[in-house]
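# Inside the fold
Now for the letters of each chain:
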Amino acid sequence: MTAEPNTSDNTPKTAMDSEAIEKAIRRMAHEIVERHDSTNRIVLAGIPTRGVEVARRLADHIEKIEGVRPYLGTLDISMHRDDLSTRGKVTALEVTDLPVDLDARPLVLVDDVFFTGRTTRAALDALASFGRPSTIQLAVLVDRGHRELPIRPDYVGKNLPTSREEKIRVRFENLDGVPDSVVVIKP
Amino acid sequence: MSTWTRKDLTGLDELTAAEITFLLDTARAFKGVGERSLKKVPALRGKTLVNFFVEPSTRTRTSFEVAAMRLSADVVNISATASSLQKGETLKDTALNLQALQADIIVLRHSSPGSSRFLAERLDSSIINAGDGAHEHPTQGLLDIFTIREKFGRIEGLNIAIVGDILFSRVARSNIFGLLKLGANVTLVGPSTLVPKSFEKLGVRVSHRLDDILAEVDVVNLLRIQHERQRKEYFPGLGEYVSLFGLTKARAAKLKPSCLIMHPGPINRGVEIDSDIADGHQSVILEQVTNGIAVRMAVLYSCAGGAGVPT
């Protein structure tokens, strides 16, 4: 390494605590309701692992607001990615579970962090083999920048400018056993 | 989170319980692909798979072919009669030529035990064992275990009988290795000529009387009597085999109602299994075939993405 040793403070920085996460998800739920015709039930499709949890929480809020619970599904996109052989190891796949025929329904993809956009591209590919939603939108808890494709989220919990080297760690109490948090970790 | 790093699958003996579970979980995700109207995902787009079968096989080769196509790989089939092996080329030279043709994955069926490992250690391509002599047939073992796990939700603690021609069976070996690693109790059943006591060294029970174990088993996996491999001295005749080890209606009636009846195919109706029992509600023989595609998709996907572990 020829770079200067990193002397700046590199302890993880909390970008969102549980209250901020709760508020952001609630606001996104309101925005989703506002921008959809309530006569047609929305499908929320979470991308594993934590996108599924964000989608579940969005569904809870939308149900409170509208009195109707959106359809909630899981969309595993690993088998639709284009970088299988460059990763060197394979991680476990989740079972895709979409509870309803997608044709002519509005669908909102949900993920925890938006980064390059490649996950979203794969998700769009994957969706094509299940049906033809009337519209597809994207909701993310955190947009960290560094898009590599002409894809941007429709609903954002928090814009969080980062450097490429930093990592964003999202934790949910019910999955991870630690309080809800979004943390920026410096390299 | 569990991960997979191997480039090859040459047997279940060399896998850990966690690796076997990884493949079973991955297969579960791929099973969903077969239930969609568009049964294809782009995971192996641009990859070339060579089905290199130096021993005849239709169902295994077809299953690999369907699996590869559902993953968007390009597939080439080479069979023994068409290959240069008959012209005197060695296995290694043939395989090096396949690699020079830039095959990313070679699915190998060969009569010599260890042939897959031999190539896996020498080539950069992923090598998938589709049966090497009487050694292993790991994807068949995996699909049997997948089918059992899907029905019972677990493998641990189940009593599983494998019946028939164990001595010559690579299917039996892969089942034994995989099932024991996942905590099943395995009993091998057959005439002493085909199921010698020495198998007990693997950690299984050996029984020479099918009637003794029928009431206690959760799964009975019937192996095909391989007429083409057997010389006459292993058992006196098919009639005697049926009377002692065939799953007749009378024997099937003694099974638990929840007991699964499995067979890797092709079945000899009236030999290993009564024709009506093969079509009955406890039989999962055709589900095994469907699950085979999902399991092979999982294996191809995982090995194509694995960087390879140092051997």
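Residues numbered from 1 in each chain as written. Chains lettered and ligands numbered in written order. Predicted model: local features only at pLDDT ≥ 70, side-chain atom pairs only at ≥ 80, totals over all residues.

## Comments concerning the overall build of chain B
A tally of regular secondary structure across chain B gives 11 helices and 10 strands. Against the globule reference of 19 Å for 311 residues, chain B gives a C-alpha radius of gyration of 19 Å, in line with a compact fold. With respect to the principal axes defined by its C-alpha atoms, chain B has extents near 55 × 45 × 35 Å. Here chain B holds 311 residues, and 48% of them are scored as buried. (Helix = DSSP H or I, 4+ residues; strand = E, 2+ residues; numbered from the N terminus. Rg over C-alpha atoms; globule rule 2.2 N^0.38 Å. Buried ≥ 20, exposed ≤ 12 C-beta atoms within 10 Å, placed from the backbone.)

## Re the overall build of chain A
A count of helical and extended segments in chain A gives 4 helices and 9 strands. When the elements of chain A are put in sequence order from the N terminus, they spell out β-α-β-α-β-β-β-α-β-β-β-α-β. Computed over C-alpha atoms, the radius of gyration of chain A comes to 17 Å, within 12% of the 16 Å expected from 2.2 N^0.38 for 187 residues, which places it in the range of a compact globule. Along the three orthogonal principal directions, the C-alpha set of chain A runs to about 60 × 40 × 30 Å. Burial analysis of chain A (187 residues in total) assigns 37% to the buried set.

## Here's the deal with the nonpolar core
Membership of the largest hydrophobic core comes to 97 residues, with the highest contact counts inside it found for Leu-71, Ile-106, Leu-300 and Tyr-301 of chain B. Of all the elements, helix α11 (residues 285-305) of chain B adds the most residues to this core, at 10 residues. Among residues more than four places away in sequence, those in contact with Leu-71 of chain B are Val-41, Ala-43, Leu-44, Met-297, Leu-300 and Tyr-301 of chain B. Formed by 41 residues, the second largest nonpolar core is a distinct cluster that contains Ile-21, Leu-107, Val-142 and Val-182 of chain A. (Core = buried A, V, L, I, M, F, W, Y, C linked by C-beta atoms within 7 Å. Contact = placed C-beta atoms within 7 Å.)

## Observations regarding the confidence of the model for chain A
The predicted model of chain A averages 90 in pLDDT, with 93% of residues at 70 or higher. Within chain A, the element-level pLDDT minimum falls on strand β4 (residues 90-91) of chain A, averaging 85, and the maximum on strand β7 (residues 155-159) of chain A, averaging 98. (pLDDT = per-residue confidence, 0-100.)

## A closer look at the environment of Arg-269 of chain B
Residues and elements named next belong to chain B. In this fold, Arg-269 is placed in the loop between β10 (260-262) and α10 (275-278). Exposure remark for Arg-269: the 13 C-beta atoms within 10 Å place this residue in the partly exposed category. Separated by 116 residues in sequence, Arg-269 and Gly-153 place their C-alpha atoms 30 Å apart. Setting aside chain neighbours within four positions, we find Arg-269 in contact with Ser-275 and Ala-278.

## With respect to the interface of chain B and chain A
Counting residues at the interface gives 23 residues for chain B, matched by 18 residues for chain A. For the side of chain B that touches chain A, the secondary structure elements donating two or more residues are β1 (3-4), α1 (17-34) and α11 of chain B. Considering every element that reaches the side of chain B that touches chain A, the biggest residue donor is α1 of chain B, with 6 residues. Among the residues forming the side of chain B that touches chain A, the class breakdown is 11 nonpolar, 8 polar and 4 charged. (Nonpolar A, V, L, I, M, F, W, Y, C, P; charged D, E, K, R; others polar.)

## Let's talk about the environment of Asp-104 of chain B
Residues and elements named next belong to chain B. In this fold, Asp-104 is placed in the loop between α3 (91-100) and β4 (105-110). On the neighbour-count criterion, Asp-104 (21 C-beta atoms within 10 Å) is buried. Setting aside its immediate chain neighbours within four residues, Asp-104 contacts Lys-47, Thr-48, Leu-49, Ser-125, Ser-126 and Ala-304.

## Brief notes about the domain arrangement of chain B
Residue and element names in this part refer to chain B. According to the domain assignment, chain B consists of domain 1 (17-137 + 292-305) and domain 2 (138-289). Placing a centre on the C-alpha atoms of domain 1 and another on those of domain 2 gives a separation of 26 Å. Each side of the interface is counted separately: domain 1 has 19 residues, and domain 2 has 21 residues. The element that contributes the greatest number of residues to the side of domain 1 that touches domain 2 is α1, accounting for 5 residues. Looking at side-chain class alone, the side of domain 1 that touches domain 2 contains 9 nonpolar, 6 polar and 4 charged residues. (Domains from an automatic or database assignment.)

## Digging into the sheet that holds strand β5 (residues 106-114) of chain A
Residues and elements named next belong to chain A. Read across the sheet, 5 strands follow the order β3-β2-β5-β6-β7 without closing on themselves; strand pairing throughout is parallel. Each having just a single partner strand, β3 (71-74) and β7 make up the two edges of the open sheet. Each neighbouring strand pair of the sheet contributes to a mean axis angle of 20 degrees, computed without reference to strand direction. (Pairing = 2+ DSSP bridges. Axes fitted to C-alpha atoms, helices over the stretch in contact; angles between N-to-C directions.)

## Observations regarding the sheet that holds strand β8 (residues 167-171) of chain A
Residue and element names in this part refer to chain A. Strand order in the open sheet formed by 3 strands is β1-β9-β8, and the pairing between neighbours is antiparallel. Each of the sheet's edge strands pairs with one partner strand only, and the pair in question is β1 (13-16) and β8. Strand-to-strand, the axes of this sheet are offset by a mean angle of 30 degrees, without reference to chain direction.

## What about the pairing of β4 of chain B?
All names here are of chain B. The element β4 is extensively covered by neighbouring structure, given that 6 of its 6 residues are classed as buried. Of the two faces of β4, the one lined by Ile-105, Val-107 and Arg-109 and the one lined by Ile-106, Leu-108 and His-110 are each fully buried. Bridge analysis of strand β2 (residues 48-53) against β4 gives 5 bridges, and the strand direction is parallel. Following the sheet pairing, Leu-49 is matched in β4 by Ile-105. Sheet analysis places β4 next to strand β5 (residues 126-132), joined by 5 bridges and oriented parallel. Bridge assignment links His-110 to a residue of β5, and that residue is Asp-132.

## Some remarks on the packing of helix α5 (residues 138-152) of chain B against α11 of chain B
Residues and elements named next belong to chain B. At their nearest, the axes of α5 and α11 sit 8 Å apart, and the two run at 120 degrees to each other. Relative to α11, α5 is oriented so that their crossing is right-handed. Where α5 approaches α11, its residues Thr-139, Leu-142, Leu-143, Asp-144, Phe-146 and Thr-147 are matched on the opposing element by Glu-287, Gln-288, Asn-291, Gly-292, Val-295, Arg-296 and Val-299. (Left-handed = near helix turned anticlockwise from the far one by under 90°.)

## Side note on the packing of α5 of chain B against helix α6 (residues 170-181) of chain B
Residue and element names in this part refer to chain B. Remark: α5 packs on α6, axes separated minimally by 8 Å, with the N-to-C direction vectors making an angle of 55 degrees. Compared by their axis directions, α5 and α6 come out oblique. Considering how the two elements wind past one another, α5 and α6 form a crossing that is right-handed. Contact with α5, carried on its side by Pro-138, Gln-140, Gly-141, Leu-142, Asp-144 and Ile-145, involves Val-171, Ser-174, Asn-175, Phe-177, Gly-178 and Leu-179 of α6 and no other residues of that element. (Parallel < 35°, antiparallel > 145°, perpendicular 65-115°, else oblique.)

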